[in-house]
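An overview of the molecular structure
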Amino acid sequence: MSTDNAGLPDARDAAQAADLLVTVAETLNERLAVTADELARSQAMLREASAELMTAFRGAADRIVAAQREDRGDQAARAAEYGTVLDHLYSACQHLQSHDLVNQLIDAQKLRVDKMREKLGEAISLAVPPVADPAGAQQYIERSRAMLDCIVAGIQQIDEDARAPVHKDRKAAGSVDLF
């Protein structure tokens, strides 16, 4: 970094540093947008797969129950076999319901990504107004500091949110519906 005669940073260097900061913030914002899209796609795929598996397991359990009712052979042996299979199906259905928890975790990550993108957008917007004195380094330095302060505030907010206790909304929580 070159300096002027008074030992202060050269305006050209300060402008380049500010431009670099804008480029970094824009690049991070773009990457976070891709991450948000991937999280949303993963959540949709999880929801679809869970629904399909739940339907298949319920259908299998219904068929076993129907077969139990129709079967008149060695009832004790078949009832024990059907009972074991039904227990496995019920257990699988209970495990499938963990997708509610996974969805909550994905939602939390999406919220963090959205908050950081918002702060990066704010930081980028600080670079938009033209500098009143392009020959002076001070405005570039102040702008860069304001951008960095905004980004750091976003990171601190995300960190605080991550440590905050989770308040469950009963209406939004998934329900357990087995058969």
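Residues numbered from 1 in each chain as written. Predicted model: local features only at pLDDT ≥ 70, side-chain atom pairs only at ≥ 80, totals over all residues. Heavy atoms only, no water.

1. As for the packing of helix 1 (residues 11-70) against helix 3 (residues 99-125)
- The contact between helix 1 and helix 3 brings their axes to 9 Å, and the two run at 160 degrees. Classified by the angle their axes make, helix 1 and helix 3 are roughly antiparallel. Here helix 1 runs over helix 3; the crossing is left-handed.
- Along the lines of polarity and charge, the residues of the contact of helix 1 with helix 3 split into 14 nonpolar, eight polar and six charged. (Axes fitted to C-alpha atoms, helices over the stretch in contact; angles between N-to-C directions. Helix = DSSP H or I, 4+ residues; strand = E, 2+ residues; numbered from the N terminus. Parallel < 35°, antiparallel > 145°, perpendicular 65-115°, else oblique. Left-handed = near helix turned anticlockwise from the far one by under 90°. Nonpolar A, V, L, I, M, F, W, Y, C, P; charged D, E, K, R; others polar.)

2. Observations concerning the pattern of salt bridges
- On inspection of all chains with the given rule, the structure shows two salt bridges.
- Here Lys110 ties to Asp107 by a salt bridge, and the two come within 3.8 Å at their closest N and O atoms. Of this pair, Lys110 and Asp107 both sit in helix 3, three residues apart, roughly one helical turn.
- In this structure, Glu122 engages Lys119 in a salt bridge whose closest nitrogen and oxygen atoms are separated by 3.5 Å. Here Lys119 and Glu122 lie together in helix 3, a separation of three residues that amounts to about one turn.
- We classify Lys119 as buried; its relative accessible area is 16%. (Salt bridge = Lys/Arg side-chain N within 4 Å of Asp/Glu carboxyl O. Buried < 20%, exposed > 50% of the residue type's maximum accessible area, 1.4 Å probe, protein only.)

3. A word on the nonpolar core
- Among the nonpolar cores identified, the biggest contains 17 residues, and Met116, Leu120, Met147 and Ile151 are the most heavily contacted of them.
- At the level of secondary structure, the elements contributing two or more residues to this core comprise helix 1, helix 3 and helix 4 (138-163).
- In this structure, Ala11, Ala14, Ala15 and Ala18 belong to the second largest nonpolar core, which totals seven residues. (Core = buried A, V, L, I, M, F, W, Y, C linked by side-chain atoms within 4.5 Å.)

4. Here we look at helix 1
- Over its 60 residues, helix 1 extends 88 Å from the first C-alpha to the last, a length consistent with the 88 Å expected when each residue adds 1.5 Å.
- The opening residue of helix 1 is Asp10, an N-cap whose side-chain oxygen sits 3.0 Å from the backbone nitrogen of Arg12. (Expected span 1.5 Å × (residues − 1). Polar contact = N/O pair within 3.5 Å; in protein donor to acceptor, adjacent residues only side chain to side chain.)

5. Some remarks on the packing of helix 1 against helix 4
- For the pair helix 1 and helix 4, the least separation of the axes is 9 Å and the interaxial angle reads 25 degrees. One way to sum up the angle between helix 1 and helix 4 is to call them roughly parallel. The two elements helix 1 and helix 4 cross, and the hand of that crossing is left-handed. Facing helix 1, whose interface residues are Ala11, Ala14, Ala15, Ala18, Leu21, Val22 and Ala25, helix 4 presents Tyr140, Ile141, Ser144, Met147, Leu148 and Ile151.
- Counted by class, the contact of helix 1 with helix 4 contains 12 nonpolar, one polar and no charged residues. (Contact = heavy atoms within 4.5 Å.)

6. Things to note about the environment of Gln97
- Relative to the elements of secondary structure, Gln97 occurs in the loop between helix 2 (75-96) and helix 3.
- Residue classification places Gln97 among the buried residues on the basis of a relative accessible area of 13%.
- Each C-alpha atom, one on Gln97 and one on Ala51, is 9.6 Å from the other, the two residues being 46 residues apart in sequence.

7. Re the side chain of Asn103
- Inspection of the secondary structure assignment puts Asn103 in helix 3.
- Residue contacts for Asn103: discarding those within four places in its chain leaves Gln43, Leu46 and Arg47.

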